[in-house]
Amino acid sequence: MAEFVMPTLGADMTEGTLVQWKKQVGDRITKGEIIAEVDTEKAAIDVECHANGIIDQLLTKPGEKVPVGTVMAVIREEGPPATAPLQPQHVAPQPVLRQPIPTPAAKTVPLPPPSGRLRISPAARKLAAERGLDPTGLTGTGPEGAITLEDIARASTSPVDIATPAGTAERQARMRQTIAAAMARSKREIPHYYLSTTIDLSRALAWLTAENARRPVTERLLVSVLFIKAVALALKQVPELNALWKDGEAVRSERIHIGTAISLRQGGLVAPALHDADRAGLGDLMQHFQDLVKRARAGSLRSSELSDSTITVTSLGEQGVETVFGVIYPPQVALVGFGKVVERPWVATGLVIARPVVTASLSADHRVSDGHRGGLFLAELDRLLQEPQTL
Amino acid sequence: MTTIPSDADNRAHILRLLGEIAPEADLAALSPDVSFRDQLDLDSMDFLNFVISLHKAFHIEIPESDYPKYTTLNGCLAQVAALRT
């Protein structure tokens, strides 16, 4: 048996609302398939399943808001039906009261328990206790008459709480709150240090212009994709920046998933991941980036895109910003910022000439790396951008 | 017989494409000679997507060096009219 739990889609997520199941009991599902649509504080997300099998139980109803880690569904490997009731290890759903709905009376004809022992899952027992119900007086509709969460919910005199779809203003307010919570946590827990360097972009931009001239309009590149790819490759030289802080220590990530900060048109931002950015060619990375921006703004991101980032890159140059002093998104341990590409006097071979430059900055966790290593990272970033054809 | 689209047709078409990129924008209030970036808060990704939309909708080639000509509504109308005749 595998459990599908409310996933955490970022450090700022503590709960989510099930919008709809994309699979029903009895459906076959494979790893990576979308099992549910979940509404977070930021957006509605298509959540992927991490197991192969048959949907055995759907424990959460559309509209219910449940904490991260709550078992929402049970998936069994293909074979005979399950004979044991759910044994969840997480807390039962504790919906936030929004709008009560009538609870239908239990009409299902249950199977009697095979013995005198009460068959009830721990989650259902806990919910029954919280709602003041004596489960021994209930009839279960689960396997072999086991009492399920649904049985408790139906029998409870307190309504099942349903979250209403959030309006734009409400979503903006909630998004602001969740960003504030994550950033406050970051500043409270992470000893940031900041470094920056000015990078001559004349070679990179000349290469980009020539490259785009030979590409059809649908396949052209943005300079921000060069930045993302250069960051991904530079991380190979300083891998401690590509890590997550877990249980008091940094755990390096074998793969490089670049979280790209994307501002939403209604306000707020998300930072979905460009998976394996170090291995993708620039053309593929650009296509993926375009798709990610489009779906981020349309509210159709996947759960893995919101939970897999191992470092974040943010570009604020289009807002006129020259230098970014970023706040690390926990549990990541670094953030790379890019400012506006500007022309500045530049000394080369004894001459002062105008060159397009960008300020790249690094915000890093001093528990994990120090300024020396951070400096090496920025130097490598600079070196890579002087050889754009190698990206 | 092929009918050549009027300026009004092209204008409506371009506004429709802009609406897909900035759905929250009040396009009726768009000033035709002020840049989209200033009025609609388009970033470089939005602008690239807009150029791609123009390319697909009007079957015109738009080299990167011509991007500045497409930054306003009147600029787009002039380019579309010139390239489609």
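None of these values were measured; they are calculated from a predicted model.

Reading guide: rules and limits
Residues numbered from 1 in each chain as written. Chains lettered and ligands numbered in written order. Predicted model: local features only at pLDDT ≥ 70, side-chain atom pairs only at ≥ 80, totals over all residues. Helix = DSSP H or I, 4+ residues; strand = E, 2+ residues; numbered from the N terminus. Rg over C-alpha atoms; globule rule 2.2 N^0.38 Å. Buried ≥ 20, exposed ≤ 12 C-beta atoms within 10 Å, placed from the backbone. Contact = placed C-beta atoms within 7 Å. Core = buried A, V, L, I, M, F, W, Y, C linked by C-beta atoms within 7 Å. Domains from an automatic or database assignment. Nonpolar A, V, L, I, M, F, W, Y, C, P; charged D, E, K, R; others polar. Axes fitted to C-alpha atoms, helices over the stretch in contact; angles between N-to-C directions. Parallel < 35°, antiparallel > 145°, perpendicular 65-115°, else oblique. Left-handed = near helix turned anticlockwise from the far one by under 90°. Pairing = 2+ DSSP bridges.

The next point concerns the overall build of chain B. Assigned secondary structure in chain B consists of 4 helices and 0 strands. Listing each helix as α and each strand as β along chain B from the N terminus yields α-α-α-α. Relative to its length of 85 residues, chain B is compact, with a C-alpha radius of gyration of 12 Å against a globular reference of 12 Å. Summarising its shape, the C-alpha atoms of chain B cover approximately 40 × 30 × 20 Å along the three principal directions. Classification of the 85 residues of chain B by burial places 20% in the buried group. Contacts in chain B between residues far apart in sequence, at least 24 positions, make up 54% of those at least 6 positions apart.

As a further point, take the interface of chain A and chain B. How big an interface is tends to be reported as the loss of accessible area on association of its parts. Each partner contributes residues to the interface: chain A has 12 residues there, and chain B has 12 residues. For the side of chain A that touches chain B, the secondary structure elements donating two or more residues are helix 4 (202-214) and helix 6 (282-298) of chain A. Per element, the largest residue contribution to the side of chain A that touches chain B is 3 residues, and it comes from helix 4 of chain A.

Bringing the nonpolar core into the picture now. Ranked by size, the top nonpolar core spans 79 residues in total, and within it Ile228(A), Val231(A) and Ile258(A) carry the most contacts. Per-element tally for this core: the top contributor is helix 5 (residues 223-237) of chain A, with 10 residues. Mapping this core onto the domain boundaries places at least three of its residues in each of domain 1 (2-162) and domain 2 (191-390) of chain A. Among residues more than four places away in sequence, those in contact with Ile258(A) are Ile228(A), Val231(A), Ala232(A), Ala273(A), Leu274(A), Ala277(A), Ser309(A), Ile311(A) and Val313(A). In this structure, Ile14(B), Phe36(B), Leu73(B) and Val80(B) belong to the second largest nonpolar core, which totals 15 residues.

The subject of this paragraph is the environment of Arg11(B). Residues and elements named next belong to chain B. Structurally, arginine 11 can be placed in helix 1 (residues 7-21). C-beta crowding within 10 Å serves as the criterion here: with 17 such atoms nearby, arginine 11 is assigned to the partly exposed category. Separated by 66 residues in the primary sequence, arginine 11 and leucine 77 have C-alpha atoms spaced 6.7 Å apart.

Moving on to the environment of Leu59(A). Residue and element names in this part refer to chain A. Structurally, the position occupied by leucine 59 is in the loop between strand 6 (53-58) and strand 7 (65-67). When the 25 C-beta atoms within 10 Å are taken as the criterion, leucine 59 is described as buried. C-alpha of leucine 59 to C-alpha of valine 74: the two residues are 15 residues apart in sequence and 7.9 Å apart in space.

So, on to the domain arrangement of chain A. Residue and element names in this part refer to chain A. Taken domain by domain, chain A comprises domain 1 (2-162) and domain 2 (191-390). Taken residue by residue, the interface counts 12 residues in domain 1 and 13 residues in domain 2. When its residues are assigned to classes, the side of domain 1 that touches domain 2 shows 7 nonpolar, 2 polar and 3 charged.

Each packed pair of helices is defined by two parameters, the angle between the axes and the distance between the axes. Residue and element names in this part refer to chain A. Orientation of helix 5 relative to helix 6, taken along the N-to-C sense of each, is 115°, at an axis distance of 10 Å. When the axes of helix 5 and helix 6 are compared, the pair comes out roughly perpendicular. Seen from above, helix 5 lies across helix 6 with right-handed handedness. Between helix 5 and helix 6, the residues in contact are Val225, Ile228 and Lys229 and Leu282, Leu285, Met286 and Phe289, respectively. Looking at the contact of helix 5 with helix 6 residue by residue, the classes come out as 6 nonpolar, no polar and 1 charged.

Moving on, we get to unusual backbone geometry. Note the cis peptide between Pro330(A) and Pro331(A), where omega equals 10°. By the secondary structure assignment, Pro331(A) is in the loop between strand 19 (311-315) and strand 20 (334-338). Despite not being glycine, Asp276(A) shows a phi value in the positive range, around 50°. One non-glycine residue, His59(B), lies in positive phi territory at about 55°. Inspection of the secondary structure assignment puts His59(B) in the loop between helix 3 (44-58) and helix 4 (73-84).

The next subject is the pairing of strand 21 (residues 342-348) of chain A. Counting buried positions along strand 21 of chain A gives 0 out of 7 residues, so the element sits mostly on the surface. Between strand 21 of chain A and strand 22 (residues 351-365) of chain A, which pair antiparallel in sequence order, lie 2 residues; one of them, Thr349(A), sits at a positive phi of approximately 45°.

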